[in-house]
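What follows is the residue order along each chain.
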Amino acid sequence: MRVLVTASAGTQRLLAAECGDLDLRPRRVPAHGVELDLTWEEIARALVHLRIAQRVLIRLTHFPCDGADSLYDGARAVDWSRWVDAKQTIAVAATGRLPRANSPSREAGQLTHHVFASQRVKDALCDQLREQGGGRPTVDLDDADVRVVARFHGDSCSLWLDPAGAALHRRGYRAESGAAPLRETLAAAVMRASGWQGKRPLIDPFCGSGTLLIEGASAALGLAPGRDRTFSARNWRHEGSELGPLLAKAQTAARAQAEQALASAKLDVLGTDLDPNVLRLARGNIARAGLKDQIRIEQADATRMPRPAPGTVLVANPPYGERMGGDEILGLYAALGRHWSTFTGCEAHLLDGHRDFADAFGLPWTNYLELSNGSLPVLLRRYELGVDQGR
Ligand SMILES: C[S@@+](CC[C@H](N)C(=O)[O-])C[C@H]1O[C@@H](n2cnc3c(N)ncnc32)[C@H](O)[C@@H]1O
């Protein structure tokens with residue numbers, strides 16, 4: 001099967017490396033993810049084990065699309081009875097760049113928004129099954145048996161099946177989060193980029209709900225992020241119905257592996273934050289992730305925290321300042337830079353979303369990666385703290 005594993009902007013190289021670790025060989029790394037040719041067993045492995053992936057999509061078709069009519073025709077050309085029957089529930093989501101509103105073929109019907117586009121695909125699917133005499137499936141946007149994704153590329157559209165249903169960042173441990181939590185998949189990418197593998201102490205001094213630490217510790221211990229979650233493909237009854245049992249098998253093995261890893265785990269991981277309310281949330285999330293014996297949580301001001309032991313890795317996304325005044329946030333960054341300049345032998349990886357962060361922080365960074373936090377462009381910069389860089 002041709003598969004597209006989608007990733008947040010800037011994380012696709014990290015995702016491709018992660019695929020390689022799982023023996024899933026990328027055939028191409030386009031801007032929005034990684035393309036691979038996978039067997040059902042490999043798809044199950046990807047769904048249960050990939051940390052950075054947002055979705056694993058199975059390709060159905062790709063066709064030129066200049067409006068609602070060609071979308072309907074392209075979707076009608078898929079033999080939907082191979083995948084779904086009228087007794088199952090479906091959902092269709094649409095994403096990407098819709099054909100231009102001033103498409104030359106005026107009769108084509110303009111696709112003005114994604115909801116309308118998803119309805120045209122749903123109509124094509126339901127009309128086809130109804131005309132075949134079997135009735136029509138019901139739509140269930142929250143928990144469908146079969147989820148279809150329409151991806152638009154300006155003048156073409158591709159249709160995909162999403163065997164996970166809910167996006168892969170929904171690991172299940174984050175029942176609650178602070179005001180600006182990182183998406184789990186982005187946190188996993190940040191941790192991978194940091195290079196921390198569990199052998200050195202790790203501190204997140206702005207830990208909020210604890211996402212970076214949970215993702216870092218899970219990766220270091222090899223805990224599969226999808227070991228406990230549900231996948232809608234477990235309800236597939238037609239083509240691909242072998243995926244359900246393969247997922248169940250991969251999850252059982254991953255749970256056993258996690259139990260074993262946790263029994264002997266010894267990580268040195270600390271999360272601190274100024275806000276006692278988010279620390280309460282972090283503790284709950286860490287417990288749900290099975291990591292309460294691995295991650296300590298304490299209240300501290302990052303601008304006055306005790307100096308970490310040499311060799312410590314600090315990974316954090318400091319506040320971007322949405323809830324603070326301009327001077328106040330720049331003052332925080334400057335105080336942070338002053339205090340952290342006294343650390344020795346540490347490295348820091350900071351995901352900053354404020355354009356003046358680096359200047360205010362004031363310490364030299366050694367390299368950076370451009371990422372995206374939701375719709376906000378952010379930079380992950382690496383700093384050597386108190387390391388003699390020969391200058
Ligand atoms: C962008 S959020 C971090 C979100 C976190 N990565 C997560 O996934 O939930 C920034 C955090 O910094 C904390 N914070 C603000 N000023 C601080 C300070 N001086 N020292 C420590 N934490 C601070 C806030 O309480 C907030 O939880």
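Just so you know, these numbers come straight off a predicted model, no measurement behind them.

## Quick look at the overall build of the protein chain
Helix and strand content of the protein chain: 10 helices and 15 strands. The C-alpha atoms of the protein chain give a radius of gyration of 23 Å, which matches the 21 Å a tight globule of 391 residues would have. Across the 391 residues that make up the protein chain, the buried fraction comes to 48%. Contacts in the protein chain between residues far apart in sequence, at least 24 positions, make up 77% of those at least 6 positions apart.

## Things to note about the site of the ligand
With respect to spatial proximity, 21 residues lie near the ligand, and among them Phe-206, Gly-208, Ser-209, Thr-211 and Ala-302 are the closest. Among the residues forming the shell around the ligand, the class breakdown is 11 nonpolar, seven polar and three charged.

## A short note on unusual backbone geometry
For residues other than glycine, phi is negative in most cases, and the peptide bonds are mostly trans. The phi angle at Asp-23 is positive, at roughly 65 degrees, despite the residue not being glycine. Inspection of the secondary structure assignment puts Asp-23 in the loop between α1 (12–21) and β2 (26–28). For Asp-23, a count of 8 C-beta atoms within 10 Å gives the class exposed.

## Brief notes about the sheet that holds strand β4 (residues 55–64)
The mixed open sheet is built from eight strands, whose spatial order is β2-β3-β1-β4-β8-β7-β5-β6. The open sheet has two free edges, formed respectively by β2 and β6 (138–139), since each of these has just one partner strand. In terms of strand pairing, strand β1 (residues 2–6) meets strand β3 (residues 33–37) through five bridges, oriented antiparallel. Looking at β3, one finds that Val-3 is bridged to Leu-36. Where helix α4 (residues 114–131) meets the sheet, it contacts β5 (89–97), β6, β7 (146–153) and β8 (156–162), and its direction lies at approximately 135 degrees from that of β5.

## Side note on the domain arrangement of the protein chain
Domain parsing of the protein chain yields domain 1 (2–162) and domain 2 (184–225 + 258–385). Here the C-alpha centre of domain 2 lies 35 Å away from the C-alpha centre of domain 1. Contacts between domain 1 and domain 2 engage 12 residues on the former and 14 residues on the latter. Secondary-structure elements contributing two or more residues to the side of domain 1 that touches domain 2 are α1 and α2 (40–49). Partitioning the side of domain 1 that touches domain 2 into residue classes produces five nonpolar, five polar and two charged.

## Details of the pairing of β5
With two bridges connecting them, β5 and β6 associate as parallel partners. Looking at β6, one finds that Ile-90 is bridged to Val-139. By the bridge criterion, eight bridges tie β5 to β7 in an arrangement that is parallel. Each residue of the ladder has a partner; that of Ala-91, found in β7, is Arg-147.

## Side note on the sheet that holds strand β12 (residues 313–316)
The sheet built from seven strands is open, its strands ordered β11-β10-β9-β12-β13-β15-β14 with mixed pairing. Where the open sheet ends on each side, the last strands, each with one partner, are β11 (295–299) and β14 (365–373). The average angle at which neighbouring strand axes cross in this sheet is 20 degrees, direction not considered. Of the strands in this sheet, β9 (202–204), β10 (269–273), β11 and β12 are in contact with helix α6 (residues 211–221), which crosses β9 at around 155 degrees. Lying on the sheet, helix α8 (residues 276–288) is in contact with β10 and β11; it crosses β11 at an angle near 170 degrees.

## Some words on α4
With 18 residues, α4 should cover 26 Å at 1.5 Å per step; its first-to-last C-alpha distance of 26 Å lies within 8% of that length. The complete set of buried residues in α4 reads Ala-117, Ser-118, Arg-120, Val-121, Lys-122, Ala-124, Leu-125, Cys-126 and Leu-129. Positive backbone phi, approximately 90 degrees, marks Gly-133, located one or two places after α4.

## Section: the environment of Gly-33
Looking at the secondary structure, you find Gly-33 in strand β3. We classify Gly-33 as buried; it has 25 C-beta atoms within 10 Å. Residues Gly-33 and Arg-13, 20 residues apart in the sequence, show an inter-C-alpha distance of 8.4 Å. Among residues more than four places away in sequence, those in contact with Gly-33 are Leu-4, Val-5, Thr-6, Ala-7, Gln-12 and Leu-15.

What counts as what
Every chain is numbered on its own, with residues counted from 1 as its sequence reads. At least 70 in pLDDT is required for a residue's local features to be given in this predicted model, at least 80 for side-chain atom pairs to be given and counted, and no such filter applies to totals for whole chains, interfaces and linings, which use all residues. A run of H or I in DSSP counts as a helix once it spans at least four residues, and a run of E counts as a strand once it spans at least two, with each numbered from the N terminus. As a reference, a globule follows 2.2 Å times the number of residues to the power 0.38, and the radius of gyration itself is taken over C-alpha atoms. Counting other C-beta atoms within 10 Å of a residue's own tells you its class, since 20 or more makes it buried, 12 or fewer makes it exposed, and anything in between is partly exposed; those C-beta atoms are placed from the backbone. Note on contacts: each residue gets a C-beta atom placed from the backbone, and two residues are in contact if those atoms are within 7 Å. Put plainly, near means the residue's C-beta atom, positioned from the backbone, lies within 6 Å of the molecule or strand in question. Residues are grouped as follows: nonpolar covers Ala, Val, Leu, Ile, Met, Phe, Trp, Tyr, Cys and Pro; charged covers Asp, Glu, Lys and Arg; every other residue, Gly included, is treated as polar. Between any two strands, pairing holds if DSSP finds at least two bridges. Structural elements are reduced to axes, namely lines fitted to C-alpha atoms, with helices fitted over the stretch in contact, and the angle between N-to-C directions of any two is expressed from 0 to 180 degrees. An automatic or database domain assignment provides the domain bounds reported here. The span you would expect from a helix comes to 1.5 Å times its residue count less one.

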